[in-house]
Amino acid sequence: MESLKDHFAKINTPEKIDFLQPSFFNVVEKSSDRELNAFLQNIVLNGSENTYVQRLAIERLMDLIFLNKLKPRHALSILIDNWDSKDLSLNTLRIKSLYYLYDYEEKDVIKIYEQYLSSEESELVAEAFFHLGLVNMQLGMASKDKNTSLKALEKSKLEFTSASLAIENRSDAILMSKIISLTINVCNSVTSTLKEGLKEICEILFTIESYSFNFKNGPYYIGFYRVLNSLVNIEEQKPLTWLDFRTGLSSLFKEYASIKDQEIKDKLSLSQLSNSFSEKLKSEFFQPFFALNFSAEKSRITGRLNELPLDSPETIFLQDLLALIDADPKKKITIETLKKQLKLLFPLVSDSTLEELEERYSDENIETKLFKIYKDLSKPSLIQVDDHVLRSCLLMQSNRNYYGNYSEDDRNTFIASMLESAGYLVKDQTRRSKTETGKSAGEIDILIQNIEYQPISIIEALNLESVNKSYIITHINKIFTYDANGLSDNYILVYANVKKFGVFYKNYMDFVKEHDFKYPLITLKEDNILQYTEIRKFTIVHKRNEKEVNMHHVLINLSDSKS
């Protein structure tokens, strides 16, 4: 098969431009991370390549990072380590792109911005000043110390002002300068110009075009106005402590992060994404700017803490995580302590799931990693399905009412109820059936959905007293037939009422392993982590349309006479 690089080298410039726009995201789904990184790097760093093509390559590089298809280190390698372009438009785009990677290489990004300040190109000078202003605005809004916060905000105001002076028509810089100026005044109890300042900001909001203000997408910066107005109200109440302002600044930064997030989403939506990537953008949990900027995450943590009881385990974990982030000398928190707290907070999560999440965020710093793991575990998702399915099976097995010749439908209802209590949306066909004989032959037993109503797994269950081959095949084929989406993980639950469970398990596994199913078997993996004799699990990896999918087989001994 021809590589991306070889294919790209053979086509002309118009075809390259077309390739990097409408059809690119369809290609992405078929390519590895390594191939995509090498492909885009070759274009961006190729001095003989068309400049517009290079710009598109940088844009697609950042798109893939926002979509979590590539890691930030891939972009850092291109934009910092190997950059040598002198082109004005490429360097302008470089400045904008590096801003989103600031948390990963703070010193290097600042150094590059400062180098651009001495450029002969006024556009680059203005762009560098503007993004230095954004960086210091973040630092000011995120700081817990009033003096540190004000110092960063003053610097930010100066940089935004410098950006507006370096080049005409930088309305965004003028807007940000006035926002920061008003914020500083509020924090310093200077109230004489507050209402006039809000009026000026309001006027700019209705004339600015540089942030795509329109009535279709909504006035993003109105959120700024609303929070600034609340800061004015705080000042009028004459608060006694800095903490009141900290809450206001945290809200202000959260509004800012939401604005940047929406800008990124709008940009991605114009990239003519494929269906699977478009679906990602619809999820309320998928927020590109928050994903790349931990200062924004700190604001989110603060917001969550305001919703929680003071003595809850979740509160303690988040407070300790913030203390670690801020290196609070008064509170010594270790990474191991936080990991133990995380385990206590989510007791049903297995070690293997935690290890999988740690691997998923292996490129992050430890604080970001822990918070992202916390976020993933805080909502029902595919990553936890295995733990909750096994937990449900264990709970059913501990209740002897379900032993012997018990109804398959009632057993399924118990499993479905346990999954619902864990937060999943569950469609239990056996529970909804109106016939005396249970569900119709064409219905699956249990469909598990996440909170966005997206299907994430199917469970098909069967009562067995022996290795009934035709019955087993029927149930497995039913999953393959009714799984229209090609889900990555599905389950077969076997409620076994047999005398010799160990023998039954081996015979069942041998039969399934040797059977020729619709989608070919690639490998079979036994779950050796389960330390139980009466529940066994193995997974068969099938190849479905060139993708690997997992069929998990969980066998539960529910015999009255175990042996």
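Scroll up to find the structure this text is about.
Residues numbered from 1 in each chain as written. Predicted model: local features only at pLDDT ≥ 70, side-chain atom pairs only at ≥ 80, totals over all residues. Heavy atoms only, no water.

## Remarks on the overall build of the chain
Counting its regular elements, the chain contains 26 helices and seven strands. The 563 residues of the chain split such that 51% are buried. Counting only contacts in the chain whose residues sit at least 6 apart along the sequence, the fraction spanning at least 24 positions is 63%. Put simply, the chain shows about 27,300 Å² of open surface, and 49% of that area lies on carbon and sulfur atoms. (Helix = DSSP H or I, 4+ residues; strand = E, 2+ residues; numbered from the N terminus. Buried < 20%, exposed > 50% of the residue type's maximum accessible area, 1.4 Å probe, protein only. Contact = heavy atoms within 4.5 Å. Areas by Shrake-Rupley, 256 points an atom, 1.4 Å probe, with all protein chains shown as cover.)

## Here's the deal with the sheet that holds strand 1 (residues 425–428)
In space, the seven strands of this open sheet follow the order 1-2-3-4-7-6-5, with mixed pairing throughout. Because the sheet does not close on itself, it has two edges, and the strands there are strand 1 and strand 5 (521–526). Taken over all neighbouring pairs, the strand axes of this sheet differ in orientation by 20° on average, direction set aside. The sheet strands contacting helix 23 (residues 408–421) are strand 1, strand 2 (446–449), strand 3 (455–464) and strand 4 (489–496), and the helix crosses strand 3 at an angle near 150°. (Pairing = 2+ DSSP bridges. Axes fitted to C-alpha atoms, helices over the stretch in contact; angles between N-to-C directions.)

## Here's the deal with the packing of aromatic side chains
Evaluated as defined, the whole model comprises 17 aromatic pairs. For the pair Phe-19 and Phe-24, a centre-to-centre distance of 6.4 Å together with 80° between the ring planes defines the contact as edge-to-face. Judged by centre distance (4.9 Å) and plane angle (65°), the rings of Tyr-402 and Tyr-406 are edge-to-face. Taking relative accessible area as the criterion, Tyr-402 reaches 12% and is therefore assigned buried. Put simply, the rings of Phe-8, Phe-19, Phe-24, Phe-25 and Phe-39 touch in pairs and so form one group of aromatic residues. The ring of Phe-130 carries the charged tip of Arg-170 above its face, separated from the ring centre by 4.7 Å. Here the guanidinium or amino end of Arg-536 rests over the ring plane of Tyr-505, the centre of that ring lying 5.2 Å away. (Phe/Tyr/Trp six-rings, centres within 6.5 Å; stacked < 30°, edge-to-face > 60°. Lys NZ or Arg CZ within 6 Å of the ring centre and 35° of its normal.)

## Examining the pattern of salt bridges
Side chains bearing opposite charge may pair, as long as their charged atoms lie close to each other. For the structure on display, the rule yields 20 salt bridges. Across the salt bridge formed by Glu-59 and Arg-55, the nearest N and O atoms sit 3.9 Å from each other. Here Arg-55 and Glu-59 lie together in helix 5 (residues 51–66), a separation of four residues that amounts to about one turn. When the shortest N-O distance is used, the salt bridge between Asp-386 and Lys-537 registers 3.3 Å. Of this pair, Asp-386 sits in helix 22 (residues 382–397) while Lys-537 sits in strand 6 (residues 535–544), placing them 151 residues apart in sequence. Among the charged side chains, a salt-bridge network with shared partners connects Arg-55, Glu-59, Arg-60 and Asp-63. (Salt bridge = Lys/Arg side-chain N within 4 Å of Asp/Glu carboxyl O.)

## Structural notes on the nonpolar core
Among the nonpolar cores identified, the biggest contains 78 residues, and Phe-19, Phe-24 and Phe-39 are the most heavily contacted of them. Each residue touching Phe-19, except ones within four places of it in the same chain, is listed here: Leu-4, His-7, Phe-8, Ile-11, Phe-24, Val-27 and Phe-39. One finds Leu-462, Phe-480, Leu-487 and Ile-540 within the second-largest nonpolar core, a separate group that totals 28 residues. (Core = buried A, V, L, I, M, F, W, Y, C linked by side-chain atoms within 4.5 Å.)

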